[in-house]
Amino acid sequence: MSGTLYLVPTPIGNLGDLSRRIVETLEQVDFIAAEDTRVSVKILNHLEIKKPMVSYYRHNTETSGPAIVRRLLDGESCALVTDAGTPAISDPGEELVALCAREEIPVVAIPGPCALITALAVSGLPTGRFTFEGFLAMNKKNRKSHLESLKKENRTMIFYEAPHKLLSTLEDFEETFGADRRISLCRELTKLHEEVRRTTLGEAVLWYRDNSPKGEFVLVVEGAEEEQQEEISLEEAVEKVLRLREEGMSMKDAAKKVAKETGLPKNELYHQALDR
Ligand code: SAM
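Residues numbered from 1 in each chain as written. Predicted model: local features only at pLDDT ≥ 70, side-chain atom pairs only at ≥ 80, totals over all residues. Heavy atoms only, no water.

**Observations regarding the site of the ligand**
Here's step 1: The immediate surroundings of the ligand are formed by 19 residues, with T86, I89, D91, Y160 and F217 found nearest.
Here's step 2: In the environment of the ligand, an oxygen atom lies 2.8 Å from a nitrogen or oxygen atom belonging to the backbone of A115.
Here's step 3: Note that a nitrogen atom of the ligand is positioned 2.9 Å from one of the backbone N or O atoms of L189.
Here's step 4: Starting from 580 Å² of accessible surface for the ligand in isolation, the protein chains cover 90%.
Here's step 5: Mapping the ligand onto the cavity grids shows that it belongs to the largest pocket.
Here's step 6: Of all the secondary structure elements, the ones that give two or more residues to the shell around the ligand are β7 (156-161) and β10 (217-221).
Here's step 7: Counting residues domain by domain, the shell around the ligand receives three or more from each of domain 1 (5-109) and domain 2 (115-221). (Near = heavy atom within 4 Å. Polar contact = N/O pair within 3.5 Å; in protein donor to acceptor, adjacent residues only side chain to side chain. Areas by Shrake-Rupley, 256 points an atom, 1.4 Å probe, with all protein chains shown as cover. 1 Å grid on protein atoms, 1.4 Å probe; cavity = no way out; pocket = protein on both sides within 12 Å on 5 of 7 lines; lining within 4 Å. Sits in = over half its atoms within 2 Å of the grid points. Helix = DSSP H or I, 4+ residues; strand = E, 2+ residues; numbered from the N terminus. Domains from an automatic or database assignment.)

And the structure:
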C-alpha cells in the first residue's frame, strides 16, 4: 500500500501558528520534502524534531518529484513543507500533488497559515467573491495582458508582491484600475511590524514614492463596480428594442444593446421584436 503525501503549512512569521496537527504530522512522517532544507531545519529544531529531509524546489521538481513519488509508492509517508505558508500556493507543490493524484497516492492538506487568506480577511474589502492572482509576471507583455484581463473583474483581487517591485506594480494598477480604486496593503502579517494600509491606488503610489517599502506584502484590490442592469420586464424590453429600431438602429444591434442593459436574452428580444 502506498504512503501519504501531507501538505504541511508553516508560519508566515509567527511560530505560534504551528498547530498541534502540524507538529504531529511532522513527527509522524517518514521523511520531509522541503523547499529549502536550511529554512525548514530551523522550524524542526524549534520543535525538536529530527527527520530525514530531501529538497524539493522550483528547479528540481522534474527529478525530485518522481523520486518522492517512488518512495511514496514504496509505502513511506512524506510531509511537504515550503519556506513559509501553505505548500502549492505560489510555492512548489502543485506538480507533486498532480503526480500523486495520477498515481492514486493519497494527499492530505493540513490547513494552516496562508498569506492570501490572512490578508483578505483583514483587508476590509468584500470577501464574498475573490480571485487570487499570485505574482504578476516580470515580462512586460505578459504583465500587461494579465492586468488587461482584470480590467472588468468585479471580484476582490489578491496579489503577492516583493517589496522592490511594489511601487512599479502599484503604478501599473493605477493605470489599469484608476486612482480611486481601493486597495489594502497588508504587510508583515503575523509579525512584529504587521501593518494594514487601507487606501486608494492613487494615494498608495504617492506614499510609496516617498517611503521605500520594506517587508512582505499582499495586495488586496477592490473589484470593478458591477455594471448596473435595468430591471424591466421582457415586454418593456421588447418595446425598447422597437423604439431603437424606429430611431434607425438595426434590429440586431438594438436587441444586443437592450440585452446588455437588462441581462435578458438577446435572441428572445430579437425574435419577439420581429414578431410585433
Ligand atoms: N505559500 C505561501 C502562502 O501560503 O501564503 C506564499 C508563498 S509566496 C512564494 C511568498 C509571498 O507571500 C510573499 O512575496 C508575499 O507576497 C506573501 N507573504 C508571505 N508571508 C507574508 C507575510 N507575513 N505578510 C505579508 N505577505 C506575506
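**Structural notes on the domain arrangement of the chain**
Here's step 1: Taken domain by domain, the chain comprises domain 1 (5-109), domain 2 (115-221) and domain 3 (234-274).
Here's step 2: Taking only C-alpha atoms into account, the centre of domain 1 sits 29 Å from that of domain 2.
Here's step 3: In this assembly, six residues from domain 1 lie in contact with 10 residues from domain 2.
Here's step 4: In total, about 540 Å² of surface goes out of reach between domain 1 and domain 2, with carbon and sulfur atoms giving 63% of it.
Here's step 5: Its largest share of buried area at the contact with domain 2, domain 1 owes to I12, I89 and S90, together 75% of the area lost on that side. (Contact = heavy atoms within 4.5 Å. Buried area = accessible area lost by both parts, 1.4 Å probe.)

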